[in-house]
2 protein chains.
Amino acid sequence: MSKTQKIPEPTIERLALYSRPLETLLETSVDVISSEKLAQICDVNPAQVRKDLAFFGEFGVRGVGYNVRELLKAIKEILGSYRVWILGIVGMGNLGKALIGNDNFKKRNYRFAAAFDSDPLRVGQKLACGLIVKPVEDIEKSVHALGIEIGIVCSHGAEAQRAASLLMDAGVKAILNFAPAQVRAPKCCMVENVDFSVKLENLAYHLAKIS
Amino acid sequence: MSKTQKIPEPTIERLALYSRPLETLLETSVDVISSEKLAQICDVNPAQVRKDLAFFGEFGVRGVGYNVRELLKAIKEILGSYRVWILGIVGMGNLGKALIGNDNFKKRNYRFAAAFDSDPLRVGQKLACGLIVKPVEDIEKSVHALGIEIGIVCSHGAEAQRAASLLMDAGVKAILNFAPAQVRAPKCCMVENVDFSVKLENLAYHLAKIS
DNA sequence: GCCTGTGAATCCATTCACAGCT
DNA sequence: AGCTGTGAATGGATTCACAGGC
């Protein structure tokens, strides 16, 4: 199975989802789990869990289940979690500052190597993590000097495209965009959007429908 | 068309997506736009745009396109954007504080009415927006007193479920969860997850594949 | 008996292609 | 001629259901 197949995008996202409870289970010394149980915890279908895993190999034992430690290790290897990833962040408003201090990045081997902003008032500020805010003009050389691999865009909507373009021009191939605006990118670059106002409006729509 | 059909979830999310450039177009006095153009801006297929809109009515004029002002109005009506929505937020760490000060909420008629935290050190703090952090024990009565309709959960993973449960027990029917943990909810409640570490791991997976 | 791995069936969303209106 | 609205076709992903191994 683990050969040259096309892996569905949702599968990758679910692998990340599975890894979280597995970590907890490992800490609490549970050593085997069935697709049924894991599915229940993650709120998905058990067959889905099995199929997702089957894309990458045979990790389970029939009649028994999956060894928690081994499964977690396998998932982390698939997701590249054993490697440190170098991040650069553009837009040091409240959200940017909150992200740079966020534990989830550290815990998962993501390191912020540089922070940028286009506002001269913010440039030069010293952040809680020790980094100093650089001007966006420095993106190009910083990306090369520091080996930045993933860019985080937290600019306001209007500036998001420019921030992303500067990163991509410097050779960054993956961007996580928090701005509520679509970012255009050549198809050699990946852009993931984290747009919570879309999610909120989705909730509002459904609430409005009921009442 | 606009009758009792089941609207796909992705359609709702895209409506929110369309509304953003439409606002910009309105400001720049563009009064008509084709599905082709709008699709291009939003990076989707033109037929998709037309189909999405067709679920709710006939907003366009054949041979011409869509009137920007009317279309935006229609979308906002569908999404309930003309109504103020009352929010309560649980977990006032860096992320919680960044969200409560975030412009995108204000701009779109979402109002934070209360902020909660389980940490006694945070309870009583005065936030930049003027609110005072309340203990999570106050959730029940605050939800009723203030009419909180949507709950935002920014607690750490382990506490997210408790925060969400307190909100739902108090009658909140919609939750936006920023914690990297699955929240279980009865099906009368909606939960939307904003999980940026999943998105990051997705990017990492694809990068790891290439290099 | 239990649980995985997987082809087959189903379901759902996207895209095509064109009829119909301006 | 141009562009919407929409049935039909396509393409994916999810779920079912069961064969295969413990």
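Cut-offs applied
The residue numbering used here restarts from 1 in each chain and proceeds along that chain's sequence as written. Naming scheme: in the order in which they are written, chains are lettered from A and ligands are numbered from 1. Residues qualify for local features only when their pLDDT is at least 70, as the model is predicted, and side-chain atom pairs are given and counted only at 80 or more; totals for whole chains, interfaces and linings, by contrast, use all residues. To obtain the side-chain values, all non-hydrogen atoms of the structure were used and water was disregarded. When we say a residue is near a molecule or strand, we mean one of its heavy atoms is within 4 Å of it. Any pair of nitrogen or oxygen atoms within 3.5 Å is treated as a polar contact; in protein, a donor-acceptor pairing is required on top of that, and neighbouring residues in sequence qualify only through side-chain atoms on both sides. Starting at the N terminus, helices and strands are each numbered in turn, a helix being any DSSP run of H or I of at least four residues and a strand any DSSP run of E of at least two. Using a 1.4 Å probe on the protein chains alone, a residue whose accessible area is under 20% of its type maximum counts as buried, one over 50% counts as exposed, and one in between counts as partly exposed. Strand pairing requires that DSSP identify at least two bridges connecting the strands. Start and end points for every domain follow an automatic or database-based domain assignment. What sets the superposition is a least-squares fit of C-alpha atoms, and only residues with pLDDT of at least 70 in both copies go into it. Whether two residues are in contact is decided by their heavy atoms: any pair within 4.5 Å suffices. Put simply, buried area is how much 1.4 Å-probe accessible surface two parts lose in total, over both of them, once they are put together. Salt-bridge detection follows one rule: a side-chain nitrogen of Lys or Arg within 4 Å of a carboxyl oxygen of Asp or Glu. Ten residues, namely Ala, Val, Leu, Ile, Met, Phe, Trp, Tyr, Cys and Pro, are considered nonpolar, four, namely Asp, Glu, Lys and Arg, are considered charged, and the remaining ones, Gly among them, are considered polar.

Caption draft 1: Highlighting the protein's contact with DNA strand D. As a matter of local geometry, DNA strand D sits amid 26 residues, with A:Arg14, B:Ser35, B:Arg50, B:Gly63 and B:Tyr66 nearest to it. In DNA strand D, the atoms that sit within 4 Å of the protein are 63% sugar and phosphate, with bases accounting for the remainder. Note that a phosphate oxygen of DNA strand D is positioned 3.0 Å from one of the backbone N or O atoms of B:Gly60. In this structure, a base oxygen belonging to DNA strand D sits 3.0 Å away from a main-chain N or O atom of B:Gly63. At the level of elements, helix 1 (9–27) and helix 3 (46–54) of chain A together with helix 3 (46–54), strand 2 (60–61) and strand 3 (65–67) of chain B are the ones that each hand at least two residues to the surface near DNA strand D.

Caption draft 2: Broad picture of the pairing of strand 5 (residues 110–117) of chain A. Residues and elements named next belong to chain A. Among the eight residues of strand 5, six are classified as buried, and the element is accordingly described as predominantly covered. With six bridges connecting them, strand 4 (residues 85–90) and strand 5 associate as parallel partners. Paired with Val90 across the strands is Phe116, a residue of strand 5. Pairing of strand 5 with strand 6 (residues 134–135) involves two bridges; the strand directions are parallel. Bridged to Asp117 within strand 6 is Pro135.

Caption draft 3: View of the domain arrangement of chain A. Taken domain by domain, chain A consists of domain 1 (9–79) and domain 2 (85–198). For domain 1 of chain A versus domain 2 of chain A, the distance between C-alpha centres works out to 31 Å.

Caption draft 4: How the structure looks around the relation of the copies chain A and chain B. Of the transformation superimposing chain A on chain B, the axial component is 0.0 Å and the angular component is 180°, with the fit at an RMSD of 0.1 Å. Taken together, these values place the two copies in the relation of a two-fold axis.

Caption draft 5: Seen up close, the interface of chain A and chain B. Facing 57 residues of chain A, the contacting portion of chain B comprises 57 residues. The junction of chain A with chain B conceals about 5,500 Å² of combined surface from both sides, 66% of it contributed by carbon and sulfur atoms. Seen at the junction of chain A and chain B, the total is eight salt bridges. Counting the contacts that link chain A with chain B gives 17 residue pairs in polar contact (both at pLDDT 80 or more). Among the elements that take part in the side of chain A that touches chain B, helix 9 (residues 196–210) of chain A stands out by supplying 13 residues, more than any other. Of the residues in the side of chain A that touches chain B, the class split is 33 nonpolar, 11 polar and 13 charged.

Caption draft 6: The protein's contact with DNA strand C, seen in detail. The environment of DNA strand C is formed by 24 residues, the closest being A:Ser35, A:Arg50, A:Gly63, A:Tyr66 and B:Arg14. Counting only atoms of DNA strand C within 4 Å of the protein, the sugar-phosphate share comes to 65%. The separation between a base oxygen of DNA strand C and a polar side-chain atom of A:Lys51 is 3.1 Å. The backbone of B:Arg62 places a nitrogen or oxygen atom 3.2 Å from a sugar or linking oxygen of DNA strand C. Of all the elements in the fold, those that place two or more residues in the surface near DNA strand C are helix 3, strand 2 (60–61) and strand 3 (65–67) of chain A together with helix 1 (9–27) and helix 3 of chain B. Ranked by the residues each element gives to the surface near DNA strand C, the list is headed by helix 3 of chain B, at four residues. The residue makeup of the surface near DNA strand C, split by class, is nine nonpolar, seven polar and eight charged.

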